[in-house]
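Chain by chain, the residues run as shown.
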There are 2 protein chains.
Amino acid sequence: MIRLVILGNGNVAKHLYTAFSTKEHIQIVQCYNRKGLSFDKEQNKGLVTTNLDDLKDADVYIMAISDDAISEVSKKLPFSDRLVVHTSGSTPMLEIDDKNNRGVFYPLQTFSKDKDVDFKEVPFCIEAENNNHLSLLKNLASILSEKVYEVSSKQRNILHVSAVFVNNFTNHLFTIGNEICEEHKVPFEILHPLIQETVKKITEMPPNQAQTGPALRNDQQTIERHLNLITDNSQKEIYKILTEAIQLQYGKKL
Amino acid sequence: MIRLVILGNGNVAKHLYTAFSTKEHIQIVQCYNRKGLSFDKEQNKGLVTTNLDDLKDADVYIMAISDDAISEVSKKLPFSDRLVVHTSGSTPMLEIDDKNNRGVFYPLQTFSKDKDVDFKEVPFCIEAENNNHLSLLKNLASILSEKVYEVSSKQRNILHVSAVFVNNFTNHLFTIGNEICEEHKVPFEILHPLIQETVKKITEMPPNQAQTGPALRNDQQTIERHLNLITDNSQKEIYKILTEAIQLQYGKKL
């Protein structure tokens, strides 16, 4: 049995709570958040506290809180020599106060409040200061997921930067595509299969081998026509910068 | 029975040939390309010509050739009043010479040479000058795909611009993510589930509602740390421009 305390009540805290609360070898002994909110109706109100000084004994304290709060909350914990982990992609493990044993339990996925998460496919990036705690966190992550990676703080940072490109920025490109379609009353769903194929390809070949389009072909006529069609300045700038980047990259190699 | 002539031997020509050649109600009466190449070993050499003047009679002539060549090749066709279509996303239907009946048969997907295409999920955007030919092209597309859309040249242009954002540019972001991982010896595959979820989300909610990340949160500290980690100038510029674009878009709305 692994006894957990979950701190925080954002998306990650909520989804970890939901996933762990049904697992046999897990006992969620307590949840902490400043407002004393329960995660769901079934949760025993007595197991939610707003007071860090009331925290019960547990094997792992999971701080699923905002990056800014990690250092401060870890300092306020009223105990020492226990295992305290955060769930952040971009915060070094060592930002956790060193009175406790430190670790990281980072689920590399994008979470929405109202959308259920199937953790089986979510990669967990874990880190700890010693092998015992590393094993414990590996076991804990394996209860939820088939994909558990030991990742250093430095590597995690790298993954986080890459994630911004492949998730946040990609999503913004989808938003632009959607806006252009809406502006001209063309259904965006016509593009869904193309988007799905774009993603399918990168699991089958390196993404640079999957590159196509007017920028790669140096098709100046199409590029000009596209730029004339785009009315929004921010969209126009992004079109230009990414076209130049593709030309720079593949022009070099040709 | 619909009798086809396929002109061209690029990816689109090849995949259309492969898909149509197994269909019952289709007869590929001839293929044209400048080098006289067959699409596969089974293809009867006698049905490939390098001479436009030898083109046989058919119901539809599909010009799956480069955008630049559409006007010129259509002028050289030695017949008139037949149905001649191109497969381009960004070329107006009216670039086809008006001695023939003109149409568009545009499969909106990204094709690779060595990767089989399941046309069932590929949206076909079709256009024609009259209702009879529109019906004929609809029937033809329906033999391959469940998704057939009647799309004007103007709308097709819009789709093509959007496709550049959601496919070409997105793929370049994947390339950058891959490069950053490779540079620091972190396996890019850890990011595959995140990428898959990013795409899954847009079929479930508008992409602007799925936006997350440091730019949206205006998390200046993380943005600075990321910019310090990125060594490549082109990557750095793209990071800055897309971060600003996200801040501009959601800053406005907040």
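Residues numbered from 1 in each chain as written. Chains lettered and ligands numbered in written order. Predicted model: local features only at pLDDT ≥ 70, side-chain atom pairs only at ≥ 80, totals over all residues. Heavy atoms only, no water.

Helix and strand counts for chain A come out as 8 helices and 8 strands. For a compact globule of 254 residues, the expected C-alpha radius of gyration is about 18 Å, and chain A comes in at 23 Å, more than 25% above that figure. Scored against the burial criterion, the 254 residues of chain A give a buried share of 57%. Residue pairs at least 24 apart in sequence account for 54% of intrachain contacts in chain A once pairs closer than 6 positions are excluded. Counting only carbon and sulfur atoms, one obtains 45% of the accessible surface of chain A, whose full area is about 11,400 Å². When the 29 positive and 33 negative side-chain charges of chain A are each reduced to one mean point, those points stand 1 Å apart. (Helix = DSSP H or I, 4+ residues; strand = E, 2+ residues; numbered from the N terminus. Rg over C-alpha atoms; globule rule 2.2 N^0.38 Å. Buried < 20%, exposed > 50% of the residue type's maximum accessible area, 1.4 Å probe, protein only. Contact = heavy atoms within 4.5 Å. Areas by Shrake-Rupley, 256 points an atom, 1.4 Å probe, with all protein chains shown as cover. Lys, Arg positive; Asp, Glu negative; His and termini not counted. Charge placed at Lys NZ, Arg CZ, Asp CG, Glu CD.)

A separate point is helix α3 (residues 131–144) of chain A. Residues and elements named next belong to chain A. Taking 1.5 Å as the rise per residue, α3 with 14 residues should run 20 Å; its terminal C-alpha atoms sit 20 Å apart, in good agreement. Listed as buried for α3 are His 133, Leu 134, Leu 137, Leu 140, Ala 141 and Leu 144. Down the axis of α3, the sector holding all buried residues measures 130 degrees, keeping them to one side. Structural note: α3 exposes Asn 131 and Asn 132 on the side pointing more than 90 degrees away from its buried face. The N-terminus of α3 is capped by Asn 130, whose side-chain oxygen sits 3.1 Å from the backbone nitrogen of Asn 132. (Expected span 1.5 Å × (residues − 1). Arc of directions from axis to C-beta. Polar contact = N/O pair within 3.5 Å; in protein donor to acceptor, adjacent residues only side chain to side chain.)

Okay, a negative patch on the surface next. A cluster of acidic residues, Glu 237 and Glu 244 of chain A together with Glu 237 and Glu 244 of chain B, forms a negative patch at the surface. Of all the elements in the fold, those that place two or more residues in the negative patch are α8 (233–253) of chain A together with α8 (233–253) of chain B. Following the sequence through the fold, Glu 244 of chain A ends up in helix α8. (Patch = residues over 30% accessible without salt bridge, like charges linked within 9 Å, V, L, I, M, F, W, Y side chains within 5 Å. Salt bridge = Lys/Arg side-chain N within 4 Å of Asp/Glu carboxyl O.)

The next thing to look at is the pattern of salt bridges. Residues and elements named next belong to chain B. In this structure the tally under the stated criterion is 18 salt bridges over all chains. With a closest N to O distance of 3.0 Å, Arg 156 and Glu 127 form a salt bridge. Of this pair, Arg 156 sits in helix α4 (residues 153–183) while Glu 127 sits in strand β7 (residues 124–128), and the two are 29 residues apart along the sequence. A single burial state applies to Arg 156 and to Glu 127, both of which are buried. For Asp 219, the salt bridge identified is with Arg 217, shortest N-O distance 3.2 Å. A residue is classified by how much of its surface remains accessible, and Asp 219, at 12% relative accessible area, is buried.

Whenever strands of a sheet pair, they do so through backbone hydrogen bonds, lying parallel or antiparallel. Residues and elements named next belong to chain A. Strand order across the open sheet formed by 8 strands is β3-β2-β1-β4-β5-β6-β7-β8, with mixed pairing between neighbours. The sheet is open, and its two edges are formed by β3 (48–49) and β8 (148–150), each paired on a single side. As paired strands, strand β1 (residues 2–7) and strand β4 (residues 60–63) are joined by 4 bridges and run parallel to one another. Of the residues in β4, the one forming a bridge with Val 5 is Tyr 61. Strands in contact with helix α1 (residues 11–20) are β1, β2 (26–32), β4, β6 (101–107) and β7 (124–128); relative to β1, the strand with the most contacts, it is inclined by about 155 degrees. Its contacts with the sheet put α3 on β1, β2, β4, β5 (83–86), β6, β7 and β8, and the angle it makes with β7 is roughly 165 degrees. (Pairing = 2+ DSSP bridges. Axes fitted to C-alpha atoms, helices over the stretch in contact; angles between N-to-C directions.)

This brings us to the domain arrangement of chain A. Put simply, an interface is often sized by how much accessible area is lost when its parts join up. All names here are of chain A. Examined at the domain level, chain A breaks down into domain 1 (2–151) and domain 2 (156–253). Taking only C-alpha atoms into account, the centre of domain 1 sits 36 Å from that of domain 2. Listed per partner, the contact involves 14 residues of domain 1 and 5 residues of domain 2. The largest per-residue losses of area from domain 1 upon contact with domain 2 belong to Gly 89, Ser 90 and Val 151, which jointly make up 46% of the total buried on that side. In this assembly, domain 1 and domain 2 are joined by 1 salt bridge. (Domains from an automatic or database assignment. Buried area = accessible area lost by both parts, 1.4 Å probe.)

This next bit is on the sheet that holds strand β4 (residues 60–63) of chain B. Residue and element names in this part refer to chain B. Read across the open sheet, the 8 strands follow the order β3-β2-β1-β4-β5-β6-β7-β8; overall the sheet is mixed. Taken across any chain shown, the strands that pair with only one partner, and hence form the sheet edges, are β3 (48–49) and β8 (148–150). The pairing of β7 with β8 spans 3 bridges and is parallel. Looking across to β8, one finds that Ile 126 is bridged to Glu 150. Set on the sheet, helix α1 (residues 11–20) makes contact with β1 (2–7), β2 (26–32), β4, β6 (101–107) and β7; between it and β1 the angle comes to about 155 degrees.

Here we take up the interface of chain A and chain B. Counting residues at the interface gives 91 residues for chain A, matched by 92 residues for chain B. Put simply, chain A and chain B have 0 salt bridges between them. Here chain A and chain B share 26 residue pairs in polar contact (both at pLDDT 80 or more) between them. Looking at the side of chain A that touches chain B, the elements with two or more residues in it are α4 (153–183), α5 (192–202), α7 (220–229) and α8 of chain A.

Not every positive phi belongs to a glycine, and Asp 81 of chain A is a case in point at roughly 60 degrees. Residue classification places Asp 81 of chain A among the exposed residues on the basis of a relative accessible area of 61%. The phi dihedral of Lys 185 of chain B falls on the positive side, at around 55 degrees, and the residue is not glycine. With respect to the helices and strands, Lys 185 of chain B occurs in the loop between α4 and α5 (192–202). Judged by relative accessible area, Lys 185 of chain B falls into the exposed class, the value being 68%.

Attention now moves to the relation of the copies chain A and chain B. Once turned by 180 degrees and shifted 0.0 Å along the axis, chain A lies on chain B with an RMSD of 0.0 Å. This pairing of chains is accounted for by a two-fold axis. Among all C-alpha atoms of chain A, that of Thr 170 of chain A lies closest to the rotation axis, at 2.8 Å. (Least-squares fit on C-alpha atoms with pLDDT ≥ 70 in both.)

This part covers the environment of Lys 200 of chain A. With respect to the helices and strands, the residue Lys 200 of chain A is situated in helix α5. In this structure the C-alpha to C-alpha distance between Lys 200 of chain A and Leu 140 of chain A, which are 60 residues apart in sequence, comes to 30 Å.

With 99% of its residues at a pLDDT of 70 or more, chain A shows a mean pLDDT of 94. Reported for the predicted complex are a pTM of 0.87 and an ipTM of 0.88. (pLDDT = per-residue confidence, 0-100.)

Let us now look at the packing of α4 of chain A against α4 of chain B. At a minimum axis distance of 9 Å, the contact between α4 of chain A and α4 of chain B shows a crossing angle of 180 degrees. Classified by the interaxial angle, the pair formed by α4 of chain A and α4 of chain B is roughly antiparallel. The residue makeup of the contact of α4 of chain A with α4 of chain B, split by class, is 22 nonpolar, 6 polar and no charged. (Parallel < 35°, antiparallel > 145°, perpendicular 65-115°, else oblique. Nonpolar A, V, L, I, M, F, W, Y, C, P; charged D, E, K, R; others polar.)

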